[in-house]
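# Descriptive structure summary
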Amino acid sequence: MRVLIKILMKKLLVVLTLSLIVISCGNKNRGELIGVKQKKWFSEKPYGMVLIEGGSYIMGKSDEDIAQLGNAPAKTVTVPSFYMDETEITNSEYKQFVYWVKDSTALAMLAIKAAELELGEDDKEGIGEFAFKDSDTSKLSEYQKYMKENYYDLSENIYEGRPLNLDADLTWNANDYSSQEYAEVMDSLYLPPELWYDGEMKIDVSKLVYKYTWFDAEGAAAESKRSKKQFIDRKPFITTKNVQIYPDTTVWIKDFTYSYNEPMHNDYFSHPAYQDYPVVGISWNQAVAFCNWRTNFKNGYQRDKGKPKVSRFRLPIEGEWEFAARGGIPSGTYPWGSPYLLNDRACFLANFKPLRGDYAADQAVYTVEAKSYLPNDYNLYNMAGNVSEWTNSSYDQGGYEYVASLNPNMSFPNEKRKVVRGGSWKDVAYYLRVSSRDYEYSDSSRSFIGFRTVQDYLGSTEVKMK
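Residues numbered from 1 in each chain as written. Predicted model: local features only at pLDDT ≥ 70, side-chain atom pairs only at ≥ 80, totals over all residues. Heavy atoms only, no water.

### Some remarks on the overall build of the chain
- In terms of helices and strands, the chain carries nine helices and twelve strands.
- With the principal axes as the frame, the chain shows a C-alpha extent of 110 × 70 × 40 Å.
- In the chain, which comprises 466 residues, the share counted as buried stands at 40%.
- For the chain, the proportion of contacts with a sequence separation of at least 24, taken over those separated by at least 6, is 70%.
- Accessible surface computed for the chain: about 27800 Å², of which carbon and sulfur atoms make up 53%.
- The averaged location of the 63 negative side-chain charges in the chain is 12 Å from the averaged location of its 56 positive side-chain charges. (Helix = DSSP H or I, 4+ residues; strand = E, 2+ residues; numbered from the N terminus. Buried < 20%, exposed > 50% of the residue type's maximum accessible area, 1.4 Å probe, protein only. Contact = heavy atoms within 4.5 Å. Areas by Shrake-Rupley, 256 points an atom, 1.4 Å probe, with all protein chains shown as cover. Lys, Arg positive; Asp, Glu negative; His and termini not counted. Charge placed at Lys NZ, Arg CZ, Asp CG, Glu CD.)

Right, dumping it as structure tokens:
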């Protein structure tokens with residue numbers, strides 16, 4: 001019995017010794033709390049954006065409320081630092097989004113057609129090169145096989161989530177189509193010939209749909225607070241959105257009764273002459289979809305390069321927009337600071353409807369290029385005039401009375417009225433004031449409403465050493 005106990009004690013001692021060796025082996029912290037060391041990270045300024053260093057200011061009307069709307073009483077608020085686009089999103093920039101969706105739609109349809117024909121990536125005839133990347137299971141990693149078997153193959157839509165071959169080259173010139181199958185798929189993206197005009201094939205823009213998922217963090221937090229549970233079911237707060245993303249070019253006609261604006265309808269978004277002009281005809285829902293795409297587009301590059309993800313792009317909240325529009329001038333009426341609309345040479349400082357409705361008096365009849373007129377002191381162009389801009393905030397006339405003083409924002413999922421700011425080329429001067437508020441419905445598109453995006457700044461912009 002004693003021998004057995006000694007043997008067991010020796011085995012236990014060996015186990016404990018090995019455990020200590022495993023715990024201490026390769027451990028250079030000597031048992032101290034040193035934290036998880038990661039590669040030093042430096043904030044990279046996004047292309048086409050400027051850094052707006054946060055601070056406090058008086059949001060709302062600091063002067064007479066001429067229109068007597070009573071919807072913007074003065075309130076001291078604070079906003080953190082953020083990046084903002086120098087200009088409104090242009091036709092050229094939005095077109096990059098449209099082309100990405102168009103190419104992705106075509107690639108997905110070709111991949112589905114290849115799957116129906118049981119073609120793989122190595123099948124060089126026909127459309128095999130467009131097959132899903134996981135069509136040849138022998139080339140998949142164990143993780144990819146697991147995902148395919150446990151998620152993709154069991155989905156209601158057997159093609160949902162499967163990776164596309166993004167390296168395959170698309171041909172949009174009908175004379176260069178590679179096969180009958182390719183022609184069949186591409187033809188389905190166009191309107192039927194009886195709907196063509198001017199001798200041009202016309203894309204069926206209703207098929208340009210961007211799909212994304214959205215997590216309602218505010219709704220989840222409210223539910224957690226109500227139920228007093230730290231962990232709640234996330235599923236009810238994850239929503240899938242399908243958004244038709246092509247601009248509504250008919251706004252140039254619909255917005256103005258008994259007015260000839262057909263040239264703008266025909267050419268504004270499509271002709272290169274307007275590529276650097278702000279995109280219009282974009283609903284709030286489409287602007288949000290663009291922000292989601294821009295985030296995923298950038299983070300796809302970051303993943304490929306092994307770099308950390310960037311903070312998401314989004315529409316500015318109302319408090320951020322006004323802070324940026326003021327350009328660091330606390331009591332300014334307009335983004336340029338002064339209460340006057342003319343400079344010392346009697347030239348108008350923004351694109352709007354001056355005088356008694358003389359659209360051309362400011363050197364522009366409709367919109368102008370996004371980098372027109374002088375920027376404010378934050379180097380932001382056209383924070384007044386040109387096009388009004390969507391914000392992320394929901395509209396409530398009395399909202400200033402109860403919003404927080406830190407990063408104030410109202411975001412109600414069921415509120416269709418969204419705040420627009422800045423005034424436009426067809427507005428009178430009152431709407432150009434940095435404190436003026438207006439709204440439009442989230443599913444509406446206008447010839448005078450565009451948008452610009454912001455991105456949260458990660459970290460602190462300034463550290464003061466004592």
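### Topic: the packing of aromatic side chains
- For the structure shown, the criterion picks out 33 aromatic pairs.
- Ring geometry for Tyr94 and Phe97: centres 5.5 Å apart, planes at 85°, overall edge-to-face. Linking Tyr94 with Phe97, this pair stays in helix H2 (residues 91-116), spanning three residues, or about one helical turn. Assigned by exposure class, Tyr94 and Phe97 land together as buried. (Phe/Tyr/Trp six-rings, centres within 6.5 Å; stacked < 30°, edge-to-face > 60°.)

### As for a nonpolar patch on the surface
- On the surface, a cluster of nonpolar side chains totalling about 380 Å² of accessible area is made up of Tyr143, Tyr146 and Tyr151.
- Position of Tyr143 relative to the elements: it lies in helix H3 (residues 142-152).
- Under the relative-accessibility criterion, Tyr143 is labelled exposed at 56%. (Patch = residues over 30% accessible without salt bridge, like charges linked within 9 Å, V, L, I, M, F, W, Y side chains within 5 Å. Salt bridge = Lys/Arg side-chain N within 4 Å of Asp/Glu carboxyl O.)

### Focus: the confidence of the model for the chain
- On average, residues of the chain carry a pLDDT of 87, and 92% of them reach 70 or more.
- Below pLDDT 50 for its whole length, residues 12-25 participates in zero contacts with residues either more than four positions away or in separate chains. (pLDDT = per-residue confidence, 0-100.)

### As for the environment of Gln363
- Along the chain, Gln363 falls in the loop between helix H9 (318-326) and strand S8 (388-394).
- Residue classification places Gln363 among the exposed residues on the basis of a relative accessible area of 63%.
- As a C-alpha pair, Gln363 and Ala350 span 13 residues in sequence and 9.4 Å in three-dimensional space.

### Some remarks on the nonpolar core
- Tyr94, Phe97, Tyr210, Ile245, Trp390 and Phe451 are the most contacted members of the largest nonpolar core, which totals 34 residues.
- When contributions to this core are tallied by element, the ones reaching two or more residues are H2, strand S5 (209-215), helix H6 (251-254) and helix H8 (284-304).
- Not counting residues up to four positions away in its chain, the partners in contact with Phe451 are Glu88, Ile89, Tyr94, Val279, Ile282, Ala287, Phe290, Leu315, Glu389 and Trp390.
- Counting residues in hydrophobic clusters, the runner-up holds 18 residues, among them Ile52, Tyr57, Phe323 and Leu380. (Core = buried A, V, L, I, M, F, W, Y, C linked by side-chain atoms within 4.5 Å.)

### A short note on the pattern of salt bridges
- Per the stated rule, a full pass over the model turns up 19 salt bridges.
- Of the charged contacts in the structure, one is a salt bridge between Arg314 and Asp456, with a shortest N-O distance of 2.6 Å. Of this pair, Arg314 sits in strand S7 (residues 313-314) while Asp456 sits in strand S12 (residues 454-456), and the two are 142 residues apart along the sequence.
- A residue is classified by how much of its surface remains accessible, and Arg314, at 9% relative accessible area, is buried.
- The residue Asp344 makes a salt bridge to Arg345 at a minimum N-O spacing of 3.9 Å. The pair formed by Asp344 and Arg345 is uniform in burial state, with each residue classed as exposed.
- Overlapping salt bridges bring together Glu318, Glu322, Arg326, Arg421 and Arg437 as one network.

### A few points about the sheet that holds strand S1 (residues 49-52)
- Read across the open sheet, the four strands follow the order S1-S4-S12-S7; overall the sheet is antiparallel. At either end of the open sheet lies a strand with only one pairing partner, and these are S1 and S7.
- Two strands pair when backbone bridges link them, and strand S4 (residues 82-85) and S12 are joined in this way by three bridges, in the antiparallel orientation. Bridge pairing in S12 links Met84 to Val454.
- Sheet strands touched by H9: S1, S4, S7 and S12. Its angle to S4, the strand with the most contacts, is close to 70°. (Pairing = 2+ DSSP bridges. Axes fitted to C-alpha atoms, helices over the stretch in contact; angles between N-to-C directions.)

### Topic: the sheet that holds strand S9 (residues 417-421)
- Taken in spatial order, the four strands make up an open sheet running S10-S9-S8-S11, and their pairing is mixed. Looking at strand neighbours, the two that pair on one side only are strand S10 (438-441) and strand S11 (449-450), the edges of this open sheet.
- As judged from the three bridges shared by S8 and S9, these two strands associate in the antiparallel manner. Looking at S9, one finds that Trp390 is bridged to Val420.

### Side note on the pairing of strand S2 (residues 55-59)
- Burial along S2 is one-sided: the face carrying Gly55, Tyr57 and Met59 is buried and the face carrying Ser56 and Ile58 is not.
- Here S2 pairs with strand S3 (residues 75-79) via five bridges, running antiparallel. Looking across to S3, one finds that Ser56 is bridged to Thr78.

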